[in-house]
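These are the residues of each chain, in order.
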Amino acid sequence: MTPRSQLSLASGWVLTRAQPDADADAAALRAVGITARAVACIERVALGWPDWRTAAQRQVVLISSPFSATQLAQAWPTLPTPRPTVAAMAPLTALKLQEQGIPVEIRAEGGVVALATALQAWHQQHPGSLAVLYPTSDAGARQPEQEQALALLRSFATVDRVPVYATRAPAGLDAALAALEPGLGYVFMSPSAVENALASFSRREQTLFAAAVACIGQSTHRRFLELAVVPAPTHHSTFSAFLEALVREKTT
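Here we take up the packing of aromatic side chains. What characterises a pair of aromatic rings is the spacing of the ring centres plus the angle enclosed by the ring planes. This structure, assessed with the given rule, holds eight aromatic pairs. Ring centres 5.1 Å apart and planes at 80 degrees place the aromatic pair tryptophan 13 and phenylalanine 242 in the edge-to-face group. You can see tryptophan 13 sitting in strand β1 (residues 13-15) and its partner phenylalanine 242 sitting in helix α10 (residues 239-251), a full 229 residues away along the chain. Between the aromatic rings of phenylalanine 201 and phenylalanine 209, the centroid separation amounts to 4.4 Å while the plane-to-plane angle is 20 degrees, which identifies the pairing as stacked.

All right, on to unusual backbone geometry then. At the junction of threonine 81 and proline 82, the peptide bond is cis and its omega measures out at 0 degrees in the coordinates. Checked against the element boundaries, proline 82 lands in the loop between α3 (66-75) and β5 (85-89). Cis geometry is found at the peptide bond from alanine 90 to proline 91, where omega equals 0 degrees. Position of proline 91 relative to the elements: it lies in the loop between β5 and α4 (92-99). Non-glycine residue glutamate 205 carries a positive phi angle of around 55 degrees. Here glutamate 205 is to be found in the loop between α8 (191-203) and β10 (212-216).

The next subject is the sheet that holds strand β8 (residues 158-168). Taken in spatial order, the six strands line up as β3-β8-β7-β4-β5-β6 in an open sheet, and their pairing is mixed. Edge positions in the open sheet fall to β3 (43-46) and β6 (106-108), since each of these has one partner strand only. With direction set aside, neighbouring strand axes in the sheet form an average angle of 25 degrees. Both strand β4 (residues 58-63) and strand β7 (residues 130-137) contribute to a ladder of four bridges, which runs parallel. The partner of glutamine 59 across the bridge, within β7, is alanine 131. Where helix α5 (residues 112-125) meets the sheet, its contacts fall on β4, β5, β6 and β7, and the angle it forms with β6 comes to roughly 145 degrees.

The next thing to look at is the environment of serine 192. Within the secondary structure, serine 192 sits in helix α8. You can call serine 192 buried: its relative accessible area is 10%. Between the C-alpha atom of serine 192 and that of proline 163, which follows or precedes it by 29 residues, the distance is 15 Å. Beyond its immediate sequence surroundings of up to four residues, serine 192 is in contact with Ile42, Ala139 and Thr167.

So, how was this worked out
Residues numbered from 1 in each chain as written. Predicted model: local features only at pLDDT ≥ 70, side-chain atom pairs only at ≥ 80, totals over all residues. Heavy atoms only, no water. Phe/Tyr/Trp six-rings, centres within 6.5 Å; stacked < 30°, edge-to-face > 60°. Helix = DSSP H or I, 4+ residues; strand = E, 2+ residues; numbered from the N terminus. Pairing = 2+ DSSP bridges. Axes fitted to C-alpha atoms, helices over the stretch in contact; angles between N-to-C directions. Contact = heavy atoms within 4.5 Å. Buried < 20%, exposed > 50% of the residue type's maximum accessible area, 1.4 Å probe, protein only.

Written as structure tokens, this is what we have:
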């Protein structure tokens, strides 16, 4: 269980995902009586969906982020049939796809390495040649966790990793973060959000920027530890797990 003292240091929380996700996360916290501010620390720019064709007996598209899910949903009607099997992160990314009528056969929580491991287990039950399309972001392709996942995937399948969206810092981020009151905690859900927020604080020579930090996912947690010394971040496998930890503290 997350130590009470760590999360309780924050008077409220800043949600840093791209919009409209940051607003949705903030609304989820407010719904249980927790103060929340939405300040998107990344924005995404869609790139084209690849013309992916393979002669493998089985084809799988591996979706590890909600925006990749959006890109797949837009491309889905144009894909040749039979359409590929879909592997997706649970719960949010998989749910997003299912809401668009896209079946998700393989799912896992905790990061793309966990999803690759679930795909490996699925492949053992469905032998034959396997090709995997991994649509990701330009920034994600530089993350160590993706390299770990790729090494695992390539041990049993051919893999094409293709950027389908670009990430960048939103215009006006420095002013938006500077306007926040002290004492807030920050929720990071991607390495890019960590990088953009910390770069913004560094430009203002602000070293103590947060009362607490919560990192969602392994790659986000790792990146924060690489770039920041304090405060020590808590690590949660999903946003839902973080929200449950806050609710437990509030009610005990």
